[in-house]
Protein chains: 2
Amino acid sequence: MAYRKTPAEISRLDAARERLIACATEVVADVGWAQASVAAVADAAGIAAGSVYQHFSSKAELAVEVFRRAAGREVEVLGEVLAGEGDPVERLGRGVEVFARRALENRGLAYALLAAPAEPAVGAERLEFRRRYRALFAEVVREGVAAGQLPPQNAEITAAALTGAVGEVLVDPLGHPGEAAPQAAASQAPPQALLADLVAAALRCAGAPTD
Amino acid sequence: MAYRKTPAEISRLDAARERLIACATEVVADVGWAQASVAAVADAAGIAAGSVYQHFSSKAELAVEVFRRAAGREVEVLGEVLAGEGDPVERLGRGVEVFARRALENRGLAYALLAAPAEPAVGAERLEFRRRYRALFAEVVREGVAAGQLPPQNAEITAAALTGAVGEVLVDPLGHPGEAAPQAAASQAPPQALLADLVAAALRCAGAPTD
DNA sequence: GAAAGAAGTGAACCATCATTCAGACCTTCC
DNA sequence: GGAAGGTCTGAATGATGGTTCACTTCTTTC
């Protein structure tokens, strides 16, 4: 027994792992899941392909982690906005707007999270996260109905519709699959009109009176 | 010059091609794109793997043809309903209902068309067809607005939202990816409530007054 | 029936990656 | 310093699955 990982060593390894995840996320945002080979990701992180397996037992595991981190942030942000200040309808509108704005500000990643072809493990994760978005939306809708702000409705269905509507509206502006994404994708300001129209459609979908 | 395809021969080849497409469609509906290997498809059609290349120059070409045929039928049906009898709001409601009912009656195929992981060529085709759905919806929405039945709105955005909403609501009931679909999938009656709720959400989304 | 030319076959081929592994190189601890 | 046990490397390995091709079988035409 002449070796025990020292705290410094542990945090070094941890940092390496984090760095790998970060680089993988970037690669995925740039070129999509399909093109994000282990070699490419390792390369981006400046390590050998084999070293990836020091941190993850398979490519799928890494991919899932990348997805979870990124999607998790969005769920968190959306959750905070939806549970924030204001009446349910205001919150719903703000939630949709924030979600869409964030997606448009980071198109490559958003496309990867929402729609880009991916291996089955990531697909399953995507489904799971869509369920979470739906649950968040459903809660606000229920509150709106309870408060009499929204007409009676099946909140789950409305929530699913909202999730799908937001995703669909975003996917087209987000760029098409297969095509190499322009690398500096985080540039253009989100088109104000698109956001406004999307929010309006979302509010109508929940039955909020048209302004 | 001692051979020219006779009409009978030509139609035999044509029938073989059609049969191949039909069998491939079935395989895809059953097991999804990912599992629909050339070998599996050829097997289902009762021909050798190599013979597939008598009809299609690549697997992707066959896959695209399968997608186009199936998705084309849906576009056609939706188009007819949306352009049919009645005022715009009635037609929109009926269109959504018919679309959803058809999807639920043929879940495997619907899932493959709407959401199942697929090769890039099919993904591109999917995008194209979503654009067509959107165009169809947009037209009715515009008519509704023009007729004063619907509030002023960005019809394209609403249409995209409708497309996404319908897709999203359907995808969950349609069964999860990766899982082997039960083969006799065209059985259960479409849940009436789901359809009604979906139609209601869609109409709200376009701004039709809640009943 | 025989020549010419397809269509059909399926085993071999090949490209693509994820994954492994033997060896090189580091860290820890005595 | 050196033994023990890591981490890192990158070429070799292996699985998968689309595609090819030498060969067989069927059709047409004379």
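Conventions we followed
- Residues numbered from 1 in each chain as written.
- Chains lettered and ligands numbered in written order.
- Predicted model: local features only at pLDDT ≥ 70, side-chain atom pairs only at ≥ 80, totals over all residues.
- Heavy atoms only, no water.
- Helix = DSSP H or I, 4+ residues; strand = E, 2+ residues; numbered from the N terminus.
- Buried < 20%, exposed > 50% of the residue type's maximum accessible area, 1.4 Å probe, protein only.
- Areas by Shrake-Rupley, 256 points an atom, 1.4 Å probe, with all protein chains shown as cover.
- Lys, Arg positive; Asp, Glu negative; His and termini not counted.
- Charge placed at Lys NZ, Arg CZ, Asp CG, Glu CD.
- Near = heavy atom within 4 Å.
- Polar contact = N/O pair within 3.5 Å; in protein donor to acceptor, adjacent residues only side chain to side chain.
- Nonpolar A, V, L, I, M, F, W, Y, C, P; charged D, E, K, R; others polar.
- UniProt positions renumbered as here; feature names shortened; annotations may be inferred.
- Axes fitted to C-alpha atoms, helices over the stretch in contact; angles between N-to-C directions.
- Parallel < 35°, antiparallel > 145°, perpendicular 65-115°, else oblique.
- Left-handed = near helix turned anticlockwise from the far one by under 90°.
- Contact = heavy atoms within 4.5 Å.
- Buried area = accessible area lost by both parts, 1.4 Å probe.
- Salt bridge = Lys/Arg side-chain N within 4 Å of Asp/Glu carboxyl O.

**As for the overall build of chain A**
Looking only at helices and strands, chain A features nine helices and zero strands. Along the chain direction, N to C, the helices and strands of chain A fall in the order α-α-α-α-α-α-α-α-α. By principal-axis analysis of the C-alpha atoms, chain A measures approximately 70 × 40 × 30 Å. Counting every position in chain A, which comprises 211 residues, the buried fraction comes to 48%. Summed over its atoms, the accessible surface of chain A is roughly 10100 Å², and 55% of this surface lies on carbon and sulfur atoms. When the 21 positive and 27 negative side-chain charges of chain A are each reduced to one mean point, those points stand 5 Å apart.

**Focus: the protein's contact with DNA strand C**
Around DNA strand C sit 20 residues, and of these Ala2, Thr6, Tyr53 and Lys59 of chain A together with Ser51 of chain B come closest. At the protein interface, 74% of the atoms of DNA strand C within 4 Å belong to sugar or phosphate. Measuring from a phosphate oxygen of DNA strand C, one finds a side-chain N or O atom of Lys5 of chain B at 3.0 Å. Grouping the amino acids of the surface near DNA strand C by side-chain chemistry returns nine nonpolar, seven polar and four charged.

**Comments concerning the UniProt feature "DNA-binding region" (unreviewed entry) in chain A**
Mapped onto this structure's residue numbering, the UniProt feature "DNA-binding region" (unreviewed entry) falls at residues 37–56 of chain A. Taken end to end, residues 37–56 of chain A comprises 60% helix and 0% strand; its first and last C-alpha atoms sit 14 Å apart.

**Section: the packing of helix α8 (residues 155–171) of chain B against helix α9 (residues 192–206) of chain B**
All names here are of chain B. Two numbers describe how α8 lies on α9: the axes approach to 10 Å, and their chain directions differ by 165 degrees. One way to sum up the angle between α8 and α9 is to call them roughly antiparallel. Judged by the twist between their axes, the crossing of α8 over α9 is right-handed. Between α8 and α9, the contacting residues are Thr158, Ala161, Leu162, Ala165, Val166 and Val169 on the first element and Leu194, Leu198, Ala202, Cys205 and Ala206 on the second.

**What about the interface of chain B and chain A?**
With 32 residues of chain B at the contact, the number on the chain A side is 31 residues. Between chain B and chain A lies a buried interface of about 2600 Å² when both sides are counted; carbon and sulfur atoms form 63% of it. It is Ile157, Glu168 and Arg204 of chain B that lose the most area in chain B upon contact with chain A, and together they represent 26% of the buried surface on that side. The interface formed by chain B and chain A holds two salt bridges in total. We note a salt bridge from Glu168 of chain A to Arg130 of chain B, for which the minimum N-O separation is 2.3 Å. There are 10 residue pairs in polar contact (both at pLDDT 80 or more) connecting chain B and chain A. Of all the elements in the fold, those that place two or more residues in the side of chain B that touches chain A are α7 (120–146), α8 and α9 of chain B. It is α8 of chain B that contributes the most residues to the side of chain B that touches chain A, 10 residues altogether.

**Notes on the environment of Lys5 of chain B**
Residues and elements named next belong to chain B. Along the chain, Lys5 falls in the segment before α1 (7–35). Sequence separation between Lys5 and Val96 is 91 residues, and the spatial gap between their C-alpha atoms is 46 Å. Those residues in contact with Lys5 that lie beyond four places of it in its chain are Ile10 and Leu13.

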